[in-house]
Amino acid sequence: MLAKRIIPCLDIKNGRTVKGVNFVDLRDAGDPVELAEIYSAEGADELVFLDISATEERRKTLVNMVRSVAEKINIPFTVGGGISSVEDVEILLNNGADKVSINSSAVKNPQLINDLAQKFGSQCVVVAIDAKQINGQWIVHLVGGKVPTELNLFDWAIEVAERGAGEILFTSMDNDGTKNGFANEALAKLSTLINIPIIASGGAGNIQHFVDSFKVGKADAALAASVFHFKEIEIQALKEELRSNGIEVRL
């Protein structure tokens, strides 16, 4: 059985780590490079770095910061934000990223998923999907959750997997920052529809929420931000509790 992964997420805006609730009301959570180094030392399995305003501000990801983070850590490192071409990905991989996360650009140009998988391998391509429930349907949103699409979460996830993505990072906008737990019903449905790993995101508030994301939601990895940034949950304690619940993790 593959070990489940615990992934801190650094949402970056204006060079700082930030965290909000339901994608708004952002507050400062510290220096990204310092936080990355701490998480790497504390036993995080991977790190995700999302330049959350890059798409909205129509600029590229912060390459210098990516390089600074990569120099300080020894765990796999996924970078997202403002990526819209094979060239963008090449630059990030050359500056220390192990994987890239694409979101808005994948919806606008689905062929990009195929192109990146072909050029760099599926293991390098994470497609992030931000979705919220509208009239009982999970609807995909773009540009940091600001722009609704007509895409259904589950249909889009199936297409993404077929096009060669190696992983899906699913964030429930309804759960994000609420600390009420992950969207386990949607996660479990995703896991029955596609056969690539699913990273759960949005809603972690306590250790039981992580347990549930794996046992109920069938997620392959769980991502969180504020509970780690503000020291509400220590990664080592979390992993020990997961293992005592019969969930395989790397200690």
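Whatever comes next refers back to the structure up there.
Let us look at the structure shown here. (Residues numbered from 1 in each chain as written. Predicted model: local features only at pLDDT ≥ 70, side-chain atom pairs only at ≥ 80, totals over all residues. Heavy atoms only, no water.)

1. Quick word on the pattern of salt bridges
Counting across every chain of the model gives eleven salt bridges. Glutamate 167 is the salt-bridge partner of arginine 5, the closest N and O atoms lying 2.6 Å from each other. Residue arginine 5 is found in strand E1 (residues 5-13), and its partner glutamate 167 is found in strand E10 (residues 167-172); the two are separated by 162 residues along the sequence. Side by side, arginine 5 and glutamate 167 carry an identical accessibility label, which is buried. (Salt bridge = Lys/Arg side-chain N within 4 Å of Asp/Glu carboxyl O. Helix = DSSP H or I, 4+ residues; strand = E, 2+ residues; numbered from the N terminus. Buried < 20%, exposed > 50% of the residue type's maximum accessible area, 1.4 Å probe, protein only.)

2. Section: the packing of aromatic side chains
Considering all chains together, one arrives at five aromatic pairs under this definition. With a centroid separation of 5.7 Å and an interplanar angle of 75°, the aromatic rings of phenylalanine 182 and phenylalanine 210 are classed as edge-to-face. With phenylalanine 182 in the loop between E10 and helix H7 (184-193) and phenylalanine 210 in helix H8 (residues 207-215), the pair connects residues that are 28 residues apart, well separated along the chain. We note that phenylalanine 182, like phenylalanine 210, is buried. Put simply, the rings of Tyr39, Phe182, Phe210 and Phe228 touch in pairs and so form one group of aromatic residues. (Phe/Tyr/Trp six-rings, centres within 6.5 Å; stacked < 30°, edge-to-face > 60°.)

3. Observations regarding the nonpolar core
Of all hydrophobic cores here, the largest spans 73 residues; its most connected members are Val127, Phe170, Phe210 and Phe228. Counting residues per element, this core draws most heavily on helix H6 (residues 153-162), which supplies six residues. Once residues lying within four places of it in the same chain are set aside, the contact partners of valine 127 are Ile102, Ala106, Ile113, Trp156, Val160, Ala165, Glu167, Ile168 and Leu169. Counting ten residues, the second-largest nonpolar core is a separate cluster that includes Cys9, Leu50, Leu169 and Ala221. (Core = buried A, V, L, I, M, F, W, Y, C linked by side-chain atoms within 4.5 Å. Contact = heavy atoms within 4.5 Å.)

4. A short note on H8
Among the residues of H8, His209, Phe210, Val211, Ser213 and Phe214 are the ones counted as buried. Along its buried surface, H8 packs onto E1, H7, strand E11 (198-201), strand E12 (221-224), helix H9 (226-229) and helix H10 (235-244). Here H8 starts with a cap whose side-chain oxygen sits 3.0 Å from the backbone nitrogen of glutamine 208, and that cap is asparagine 206. (Polar contact = N/O pair within 3.5 Å; in protein donor to acceptor, adjacent residues only side chain to side chain.)

5. A word on the pairing of E1
Of all nine residues making up E1, eight are buried, and the element is well covered by its neighbours. With four bridges joining them, E1 and E12 adopt parallel strand pairing. Across the sheet, residue arginine 5 finds its bridge partner in E12, namely alanine 221. When E1 meets strand E4 (residues 47-51), the two strands line up parallel, connected through four bridges. The residue bridging isoleucine 12 from the neighbouring strand is aspartate 51, located in E4. (Pairing = 2+ DSSP bridges.)

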